[in-house]
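Given next are the chains, with one letter for each unit.
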Amino acid sequence: MTPEEEQAFLERKKAKRAGKRGFAEEGAVLGMTSLMDAITIIVTYLLKNYGSDPVVIAPTAGQKVPNSTADTPIQDGVPIYVTQRAITFMDRRVVQMDENGEVDPAALQGHLIGPLYDLLAEEADRAKKMAEGKGEEWEGRIILVGDQNLKFSVLVDVMYTAGRAEFREYAFCVVMKNQ
Amino acid sequence: MGRKKFEEEVVEANLLPVMNIMLLMIPALLLAMEIARMAAIAVSPPKFAATADSKEEDKKEKPLNLKVFIMEDGYRVSASGQQAGADAGKSADSNSPTIALAKPGTPLDDHDRYDYASLEAKAKEYKALFPHETVVTVSAENSIPMQSLLRTMDALRGTDCKLMGAMTANEEVPAECLFWQAIVEAGAG
């Protein structure tokens with residue numbers, strides 16, 4: 001054993017003995033301030049980003065939103081989620097689709113989708129009253145969040161139904177494609 | 001008489017609960033945020049078509065009235081009631097599309113089956129003739145998927161068209177934008 005190794009061994013032995021005698025170990029204090037600063041900045045940034053979107057689009061499970069080269073931002077409106085399985089409005093599954101991805105014929109009167117019309121008309125009344133209360137003009141915008149393989153006939157039915165419920169403006173929600 | 005000196009005890013704030021909340025907020029906010037960047041394409045219902053046409057009439061300019069019908073076997077393009085590429089003396093030729101498929105024989109869910117480049121070239125031809133026209137009526141057969149419709153609208157708008165400035169900062173619509181006001185119509189073929 002070299003003198004250095006012997007010295008280290010003695011020190012370890014001393015420390016062990018001191019521990020047995022009940023000496024309190026000196027604890028290290030973790031500096032939290034810098035970590036707090038970093039986390040506060042991240043949370044503020046995320047909150048700002050979250051709050052700046054006028055409408056949050058959350059596609060339903062299995063929905064593949066079509067992509068486009070369009071770059072215009074989404075304006076405030078009421079989203080309708082239309083997939084090949086169902087039409088969802090205000091977190092409610094309004095209409096089921098058949099196996100061909102068409103609107104269930106029982107819910108369809110010509111181009112009008114009955115259950116969707118009822119909810120849209122109700123929402124239009126509510127939104128109009130709110131706009132009146134604020135002294136603003138009601139824009140009546142529908143944001144159609146479709147699916148890549150959604151049939152044109154279904155799209156037309158949904159647009160027709162929204163039009164009958166007094167919604168005047170339509171926008172297709174897309175995923176921005178990088179060129 | 002000596003005064004007793006009290007030493008102030010420094011109490012450090014317990015930041016651990018705050019840290020826990022902050023750390024929980026980060027994944028929650030990240031989940032709530034959009035992962036993909038979303039955009040919107042404004043479309044007009046057919047009732048606005050008449051308004052757009054009357055404006056053009058006011059200017060004493062013959063309206064283009066560009067219509068694109070997406071069929072399973074290609075595009076039928078017509079302007080001023082005349083289908084492009086129709087037989088002489090006929091306003092429309094229902095047997096053959098104006099622009100055939102780029103990938104014939106492919107299923108409908110293959111969104112590259114249409115010849116978007118040729119459609120854009122056609123739109124540029126019309127834009128050169130009618131530089132003030134911005135409206136196009138797009139229609140499709142019932143089975144056409146939404147992605148094909150949107151890519152058609154992209155081609156008609158022009159792939160280099162950026163409308164962000166015009167929509168948000170009231171800037172002028174860039175010259176690269178062709179027919180950027182789309183009217184979606186049912187059965188307009």
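Structural notes, computed from the coordinates. Note on numbering: residues in each chain are counted from 1, in written sequence order. Just so you know, chain letters begin at A and ligand numbers begin at 1, following the order they were written in. Where totals are concerned, whole chains, interfaces and linings use all residues; where local detail is concerned, this predicted model gives features only for residues with pLDDT of at least 70, and gives and counts side-chain atom pairs only at 80 or more.

1. A word on the overall build of chain B
Line of reasoning, step 1. Check the secondary structure of chain B and you find five helices and seven strands.
Line of reasoning, step 2. For chain B, the succession of helices and strands along the chain, N to C, is α-β-α-β-β-β-β-α-β-α-α-β.
Line of reasoning, step 3. A residue pair is marked as a contact if its C-beta atoms, positioned from the backbone, fall within 7 Å. For chain B, long-range pairs separated by at least 24 residues make up 55% of all intrachain contacts whose partners lie at least 6 apart in sequence. Only runs of H or I of at least four residues qualify as helices and only runs of E of at least two qualify as strands under DSSP, and these elements are numbered from the N terminus.

2. Details of the environment of Asp-71 of chain A
Line of reasoning, step 1. For Asp-71 of chain A, the location among the structural elements is in the loop between β1 (67–68) and β2 (78–82).
Line of reasoning, step 2. A sequence separation of 103 residues divides Asp-71 of chain A from Val-174 of chain A, and the C-alpha atoms of the two residues are 9.4 Å apart.
Line of reasoning, step 3. Each residue touching Asp-71 of chain A, except ones within four places of it in the same chain, is listed here: Met-176 of chain A together with Ala-39, Lys-162, Leu-163 and Met-164 of chain B.

3. Quick word on helix α3 (residues 116–129) of chain B
All names here are of chain B.
Line of reasoning, step 1. By this rule, a helix spans an expected 1.5 Å times one less than how many residues it contains. With 14 residues, α3 should reach 20 Å at 1.5 Å per residue; the first-to-last C-alpha distance of 20 Å fits that figure.
Line of reasoning, step 2. For α3, the set of buried residues is Tyr-116, Leu-119, Lys-122, Ala-123, Tyr-126 and Lys-127. Along α3, the residues classed as buried sweep out an arc of 140 degrees about the axis, all on the same side. Exposed positions of α3 whose direction lies more than 90 degrees from the buried face are Ala-117, Ala-121, Lys-124, Ala-128 and Leu-129.
Line of reasoning, step 3. Close packing links the buried residues of α3 with β2 (66–71), β3 (74–79), β5 (99–100) and α4 (146–157). The exposure scheme places C-beta atoms from the backbone and then counts, for each residue, the other C-beta atoms within 10 Å of its own, assigning buried at 20 or more, exposed at 12 or fewer, and partly exposed in between. Picture the helix axis, draw a direction to every C-beta atom, and the arc is the one those directions span.

4. Some details on unusual backbone geometry
Line of reasoning, step 1. Residue Met-90 of chain A is not a glycine yet carries a positive backbone phi of 55 degrees.
Line of reasoning, step 2. Turning to its location among the elements, Met-90 of chain A is positioned in the loop between β3 (86–89) and β4 (92–96).
Line of reasoning, step 3. If you check the backbone angles, Asn-65 of chain B has positive phi at about 55 degrees while not being a glycine.
Line of reasoning, step 4. Summarising the element assignment, Asn-65 of chain B is placed in the loop between α2 (49–58) and β2.
Line of reasoning, step 5. Judged by local crowding, Asn-65 of chain B falls into the partly exposed class, with 19 C-beta atoms found within 10 Å.

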